[in-house]
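# Observations on the three-dimensional arrangement
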Amino acid sequence: MYGFINLCVKALVTEKFGEAAWEKVRKKAKVDDAFISYDCYEDDVTLRLVKAASEVSSLEIDAILETFGEYFFTFCQRSGYDEMLRTLGSNLRSFLENLDSLHSYLSFSYKNMDAPSFRCERGEDDTLILHYYSSRKGFHPIVVGIIRAVAKEFFESEVKMQIINQSYENERNGKKEHVVFSILQRKIDTTQLDEGPPKFVAQTRKHSEPFLNKQDVEDELIELDMEEPVEDVDQVMKNLENMKDQGIPLGKRKSIAQIRSLVALSSLYHTFTPSYPNKFWMNQKIFCDNFPFHVVFDKDLKVKQSGFHIQRIMPRIRNFDTKLTMFFNLIHPQIDLTLDSISKFINQLFILETKKSMVGPEWEGRPMLQLRGQMVWMEEFECMVYLCSPRLASLKEMEDRGLHLSDIPLHDVTRDLILFNQQRLAEIELGKQLEMKKEELRKAMADLEAEKAKTDMLLHSMLPRQVADQLREGKRVEAGEYAEVTILFSDIVSFTTICSQSKPIDIVNMLNSLYVRFDKLTSVHDVYKVETIGDAYMVVGGLPVPVKTHTERIANMALGMIITSVEVSSPVTGEPIGIRVGIHSGPALAGVVGEKMPRYCLFGDSVNTASRMESHGEPSKIHLSSAAYRNIHDKGFRIVERGEIIVKGKGSMTTYFLEGNDNATVDEILGRGIQRSGDSRSGNYRNRSEKTDTMKYSPTKEVNGGGGNYQNQEAVIPMYYPDNENRRQGEDERAKPVFTNPAGEGDSSSGKPTANGVSGQGYHHPQGGNNSKTCIVL
C-alpha cells in the first residue's frame, strides 16, 4: 500500500486517541514514524498498524477498519480530493459505479496502486447490491465505513449494509475476495436539523442544486402564467418570443436563464425525450478514421470492425472474424475475457493491453500499448463496441510507444489529460522530494533534541539546572548569600586500608556502585550534589532554590545513604562497607567561578563545620550539629543526643546522632514508594508498614563491584515535601537568593569570603589532617 494509507492511519489514531496512543501503536507495530505519501510499503505494515490500534484502543479489528473507512473519506477530502469526489455521481449508485474510473485516473499518479473493484446491481425492495472485489483479504469493513460517510455527506442519507455473500474466487491473476453487500438507503430528514449554514453548496436539501433549480423554475412558471410544466420546449420558446413581441416583461432574469430553468425542470420530472435520426449519417470509413481507437466484436468475441490506429499497430486485426483474445489481454477488471463476464461489468472501465506477438516489428523493445474505455452492447447487431483511447500518463510514455499527440483525435480529451498529467507528475515528484526533506529534517531535529538532552544532562551534572540555563542564555549569574542551607559530608570507613590492599579497578567499581546509589537519592529528595573527592561525597539542600525543608531533605538523604551503602561490599573483605555522615545547617555563599570551565562554588564556615561533623562521627552513623538538630527535632525523626565533644577548630560542641524517620518508609526514602500529592503537612503519612531504621535494614541482594544492576531498577519517585510546589515556582523565577553579593567580597575574620575567595576557617578534608582548601568547587 502507499504511504498515503499509513498516514491516514496515523492521523486517525492521533486525532481519536492522542499522540501517546500513536506512539504505543507505532511501537507495537514495530514501524518507523516516517511515511511518504507516494512511496509504496508492504501490506503487512498497514496490517500491523491496524492490529496494534485494535489492541491499544480495545476495539475489534473490524470496528477499527470501519472507523478507518469513515475517517479515510474525510482524510481524502482534506487532502484535496473533495471536489473530485463530489462530482463522481449524482446518487449513491452512480458514485459507486464510477469509483473504478476514479481509481484508473489516480493510477496515473500512483503507478503501483492495486485498487479494489466495485459493481452495482438493483436488488429487491429498493435495495442496492454491491459487489466488492479485492486482492487483499479482510479489508471489506473499510467499504462499510466509506459508504456510510459518503451517503451522509453527499446524499443526506443513512445506509444499512449487510453482507449477503462472501467468497474467494480464483481469477487470472490470483485469488480475489468477493464480498456482496446489500445496501438499504434512507433519506435523512434535514428539516428537523439546525446545523447553521451549510459547509458545502449541496450539503442540505434546502441548498441543494436540484432544489434551487426547482425553485427557479417554479418562479418562472408563475411569471409565465404556467401551472404545469411544459414538455414541448419549442412551444416554450414560441411563448417566450410572443411575450417579448407583446412587450410583456420577462422578470428579473433574461430569457436564456428562463429557458435553462425550464429545461432543468423537464429533467427533474423526466419529461425529456431525445430525437434520433432515421439513418446513420456517417459512413464506415469516416467513423473508423475519426474514431481511430475502437473495436467491434460479436458474442463469440470475433472482431467485426476496428479503428484506423488499432489496425496500424496490429495489422493482423484487419483479418476480420479473428477472436479478440488473440490480440488483447484484459487488465481491468480482473475477470475472464468472455461476453458473460463483460456483461456483468458493463458499467466498468475496461483496460486492454496489446499482445506482443500481434504488434508490428517496430514495437520491438517497446512497452505494450494499453487502451482504456467503455463497453457498449448493441442489441440490434448482437455486437459489443469497445470505445477507447490510449492509456498514457505522460509524454515520455507516449514517446516510448512511438505515438504522437496527432495520433489522438482532437475530440478526445486524452490529449489534454496527458499534458495536464505531465505537469501534475512534476508537482508530485516535487511534493515527494519535499516530504522526504521534511522527514529528514524531522529526524535530524529528533537527533538534535536527543543530543541536546545528553548535553543538558552533562551540563546539569556540573552546574545546577537554574544556573546552567542562565549561563546558556548569556546572562551573568550573581553570587548569592543564603541565610541557611544544610550541608552533608560522607566518607568510607577505612578507605585508606581498602585502597592499599585492592586493585585500582576494584576501587573504581566500588565507588561507582556507591555513588550511583547516592546520585539517585539526590533526585529523590531534590538536593544538589556539589562534589566527590575520592571517597568524600558532598551534598547541599536549600540552594540554588531556597526551600524551608532543606534540613529534612538532607536528613532523609543521609538515611538513604546509610541504607544503600550496605548493598556495596568491600573488595578486600567482601563485607558491606561502612560510611560516616556529618550534617550541619548554617549560612553559605554560592556562585559561579571561571569562564572557560565555570564551576559552582560553595563558600563559608558552614562547609567546614559540616566536614568536622563527618570526620568526628562514628561508622554507620549520621552525626548532626546542634543547628541541624534544631531544624528537625520536631519533624518525626528519631534523634539521640551524643553530648559535648571537642571539635577541631571549633572547640566544645553538643552534637546528636540521627537514627531514623518514624514518618517515612524505606521505600519512600529510597524513591521506590508511591508518589503522594495533596497532603500539605510534612510527616503526615498514613498506612506505614515499615519505619526507617538504619540499624535494622539489610539489603535483599548484595551487590558487588559496579552499579549496573542498580541503574536498571525502577524509575525514581521523588519523595513528597510540602514545599515541592514552591520549589518548582522558584525554579521558574530563576530562584533569587536571600542576598546578593559579588563573588570575592567579604571579611576574612567573620568567615565570609575574602578578596581571593578563601574563607577564614579553612576546610578540613574528611580523611583527616589539615587542608588548605577552604571551598568545595564543582
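Predicted, not measured: the structure shown is a model, and the values here were computed from it. (Residues numbered from 1 in each chain as written. Predicted model: local features only at pLDDT ≥ 70, side-chain atom pairs only at ≥ 80, totals over all residues. Heavy atoms only, no water.)

## Section: the overall build of the protein chain
Note the threshold: Helix numbering and strand numbering both begin at the N terminus, where a helix is a DSSP run of H or I of at least 4 residues and a strand a DSSP run of E of at least 2. Each residue is assigned to one of three classes by its accessible area relative to the maximum for its type, calculated with a 1.4 Å probe on protein chains only: buried under 20%, partly exposed between the two thresholds, exposed over 50%. By definition in these notes, contact holds between two residues if any of their heavy atoms fall within 4.5 Å.
Check the secondary structure of the protein chain and you find 24 helices and 20 strands. Counting over 778 residues, the protein chain shows a buried share of 46%. The long-range share in the protein chain, meaning contacts at least 24 apart out of those at least 6 apart in sequence, stands at 65%.

## Here we look at helix 20 (residues 605–615)
With nine of eleven residues buried, helix 20 is to be regarded as a mostly interior element. For helix 20, the full list of buried residues reads Ser606, Val607, Asn608, Thr609, Ala610, Ser611, Arg612, Met613 and Glu614.

## Concerning the confidence of the model for the protein chain
Worth spelling out the cut-off: pLDDT measures the predictor's confidence residue by residue and takes values from 0 up to 100.
Overall, the predicted model of the protein chain reaches an average pLDDT of 78, with 76% of residues at or above 70. Low pLDDT (under 50) marks residues 197–214, which in the prediction has 24 contacts with non-local residues, meaning those over four places away or in another chain. The model gives residues 223–231 a pLDDT under 50, and that stretch makes 13 contacts with residues more than four places away or in other chains.

## Remarks on the pairing of strand 9 (residues 370–378)
Heads up, the rule is: Any two strands are treated as partners once DSSP identifies two or more bridges connecting them.
Pairing analysis gives five bridges linking strand 8 (residues 349–354) to strand 9, with the strands arranged antiparallel. When the bridges of strand 9 are listed, Leu352 appears paired with Leu371. In this structure, strand 9 lies alongside strand 10 (residues 383–390), joined through eight bridges in antiparallel fashion. Looking at strand 10, one finds that Gln374 is bridged to Leu387.

## Looking at the packing of aromatic side chains
Put simply, the rule is: Any two of the Phe, Tyr and Trp rings considered here, Trp counted by its six-membered ring, make a pair once their centres fall within 6.5 Å; the pair's planes then place it as stacked at under 30 degrees, edge-to-face at over 60, or tilted in between.
Following the criterion strictly, the structure yields 18 aromatic pairs and no others. When the ring of Phe4 is compared with that of Phe72, the centres are 6.1 Å apart and the planes differ by 80°; the resulting orientation is edge-to-face. With Phe4 in helix 1 (residues 3–17) and Phe72 in helix 4 (residues 61–86), this pair connects stretches of sequence that are 68 residues apart. Classification of Phe4 as buried rests on a relative accessible area of 11%. Summarising the aromatic geometry, the rings of Tyr515 and Tyr537 are spaced 5.3 Å apart at their centres and angled 40° between planes, so their arrangement reads as tilted.

## A few points about a nonpolar patch on the surface
To keep it simple, the criterion reads: Each patch is built from residues that are more than 30% exposed by relative accessible area and take part in no salt bridge. Like charges join if they lie within 9 Å; nonpolar side chains (Val, Leu, Ile, Met, Phe, Trp, Tyr) join within 5 Å. Surface accessibility follows the Shrake-Rupley procedure with a 1.4 Å probe radius. Residue values consider only the protein chains on display as shielding. Note on definitions: salt bridges are taken to be side-chain nitrogens of Lys or Arg within 4 Å of carboxyl oxygens of Asp or Glu.
Together, Phe280, Met282, Ile286 and Phe291 make up a nonpolar patch on the protein surface, roughly 370 Å² of accessible area in all. Mapped onto the fold, Met282 is located in the loop between helix 10 (255–268) and helix 11 (284–290).

## What about the environment of Ile646?
Secondary-structure assignment places Ile646 in strand 17 (residues 637–647). Its relative accessible area of 64% is what places Ile646 among the exposed residues. The residues contacting Ile646, other than those within four sequence positions of it, are His616, Gly651 and Ser652.

## What about helix 4?
To be explicit about the condition: Multiply 1.5 Å by the residue count of a helix minus one, and that product is the helix's expected span. What the bend at a residue measures is the angle between two axes, fitted to the seven residues ending there and to the seven starting there.
Over its 26 residues, helix 4 runs only 29 Å from end to end, short of the ideal 38 Å by more than 12%, given 1.5 Å per residue. The sharpest bend along helix 4 measures roughly 110° and falls at Gly80.

## Quick word on unusual backbone geometry
Look at the link from His332 to Pro333: it is a cis peptide, with omega at -5°. Residue position: Pro333 is located in the loop between strand 7 (328–332) and helix 13 (339–344). A cis amide bond links Leu543 to the next residue, Pro544, at an omega of 0°. Topologically, Pro544 is positioned in the loop between strand 13 (536–541) and helix 19 (550–565). Even without glycine at this site, Ser58 takes up a positive phi of about 60°. Residue position: Ser58 is located in the loop between helix 3 (43–57) and helix 4. Residue Leu301 is not a glycine yet carries a positive backbone phi of 65°.

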